[in-house]
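Summary of the model geometry
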Amino acid sequence: MPGQDAHTAAEQRFSVNLSILFTELPLLERPAAAAAAGFSAVELWWPWADSPTPGQSELDALGEAIEGAGVRLTGLNFYAGLLPGPDRGALSVPGAQSERFRANVEVAANLAGALGCGALNALYGNRVDGVAAAEQDALALENLALAAAAADRIGAVLLVETLNRTESPRYPLVSAQAAVDVVDQVNRVTGLDNARFLMDLYHLSMNGEDLPRAIERYAPVTGHVQIADNPGRGAPGTGRLPLDDLLQRLRKAGYEGWIGLEYQPGGRPSAEAFDWLPPGALGPVC
């Protein structure tokens with residue numbers, strides 16, 4: 001977003017995703033690095049890809065690193081399998097993966113609650129050969145209802161995300177409407193009305209969606225926004241997406257939540273990947 005108006009940028013609240021940025025550092029050093037770069041809000045994929053239930057000492061160490069850095073955790077994924085890797089979630093995958101997701105629900109909610117995190121993201125999971133889509137969808141709804149209840153217990157929203165079919169060809173939610181349909185189903189089944197759409201502008205653009213129309217239509221049910229430029233999934237200004245315009249449209253549509261920076265630093269230290277932000281953009285709102 002070269003040339004972005006400083007006032008416009010300062011109106012946004014940016015959080016930095018520590019599972020894609022600052023990954024050159026050990027996990028427990030990333031919150032302090034984000035704070036040193038000027039951020040006061042961070043988000044994370046589930047940090048233990050091989051374990052839905054890490055030991056309490058590991059959970060405590062992460063919490064202490066976040067609190068010690070003086071940053072706020074604004075988003076956390078439930079267990080999603082090997083991510084990054086071949087998996088795109090666990091909650092719709094019958095057998096061991098579904099059980100791992102269920103085992104993780106209260107663990108993730110407790111960690112999020114202890115840190116004042118208000119959003120928990122539940123990646124849907126890939127289609128599985130030999131299992132009917134309807135069977136996976138029924139399992140997904142059951143598990144999402146459990147996740148919604150856990151999120152509600154800590155005063156958080158449950159997020160359902162669209163991915164892109166190029167990078168995630170077996171993931172079934174590859175349109176904004178598909179994810180919003182799931183959100184509606186979860187809210188209808190639970191009656192909690194705390195399920196929301198995670199609008200990732202990079203994934204929607206990769207799917208060829210009309211982004212201004214998607215913002216206008218889905219902003220009212222959006223609980224979180226993430227950005228990266230396209231092509232390349234790099235920082236704003238490295239691709240062709242008019243992200244400044246899109247973020248302004250989001251504000252005009254009523255979205256006032258966090259904007260998660262979920263992009264690749266592009267072969268440079270992560271601390272150098274925020275030069276698209278004008279001076280003062282992180283300011284006191286972040």
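In short, a report on the structure.

Scoring rules and cut-offs
- Residues numbered from 1 in each chain as written.
- Predicted model: local features only at pLDDT ≥ 70, side-chain atom pairs only at ≥ 80, totals over all residues.
- Heavy atoms only, no water.
- Pairing = 2+ DSSP bridges.
- Helix = DSSP H or I, 4+ residues; strand = E, 2+ residues; numbered from the N terminus.
- Axes fitted to C-alpha atoms, helices over the stretch in contact; angles between N-to-C directions.
- Contact = heavy atoms within 4.5 Å.
- Buried < 20%, exposed > 50% of the residue type's maximum accessible area, 1.4 Å probe, protein only.
- Arc of directions from axis to C-beta.
- Polar contact = N/O pair within 3.5 Å; in protein donor to acceptor, adjacent residues only side chain to side chain.

**What to know about the sheet that holds strand β6 (residues 195–200)**
Taking strand neighbours around the barrel as the criterion, the eight strands line up as β1-β2-β3-β4-β5-β6-β7-β8 in a closed arrangement whose pairing is parallel. Looking at each pair of strands side by side, their axes are set apart by 30 degrees on average, direction ignored. With three bridges joining them, strand β7 (residues 222–227) and strand β8 (residues 258–261) adopt parallel strand pairing. Across the sheet, residue V225 finds its bridge partner in β8, namely I259. Against the sheet, helix α5 (residues 133–153) touches β4 (119–121) and β5 (157–161), its axis set at about 140 degrees to β5. Along the sheet, helix α9 (residues 243–252) makes contact with β1 (13–17), β6, β7 and β8, crossing β7 at roughly 170 degrees.

**Focus on the side chain of S92**
Mapped onto the fold, S92 is located in the loop between β3 (72–77) and α4 (96–114). Here S92 falls in the buried class, since its relative accessible area comes to 0%. Ignoring sequence-local partners within four residues, the contact set of S92 consists of Y124, G125, N126, Q136, L139 and A140.

**Some details on helix α8 (residues 211–218)**
Within the span of α8, buried status applies to L211, A214, I215 and Y218. Projected down its long axis, α8 shows its buried positions confined to an angular sector of 100 degrees, all on one face. Considering only its buried residues, α8 is in contact with α6 (176–190), β6, α7 (201–206), β7 and α9. Near the N-terminus of α8, the side chain that reaches the backbone nitrogen of R213, with its oxygen 3.1 Å away, is that of D210.

**Here we look at unusual backbone geometry**
With an omega of 0 degrees, the peptide bond between L83 and P84 qualifies as cis. Among the secondary structure elements, P84 is positioned in the loop between β3 and α4. In this chain, N230 is followed by P231 through a cis amide linkage whose omega measures 5 degrees. Counting through the fold element by element, P231 comes out in the loop between β7 and α9. One non-glycine residue, D193, adopts positive backbone phi at about 55 degrees. You can see D193 is positioned in the loop between α6 and β6. A positive phi angle, near 55 degrees, is found at R233, a position not held by glycine. Looking at the secondary structure, you find R233 in the loop between β7 and α9.

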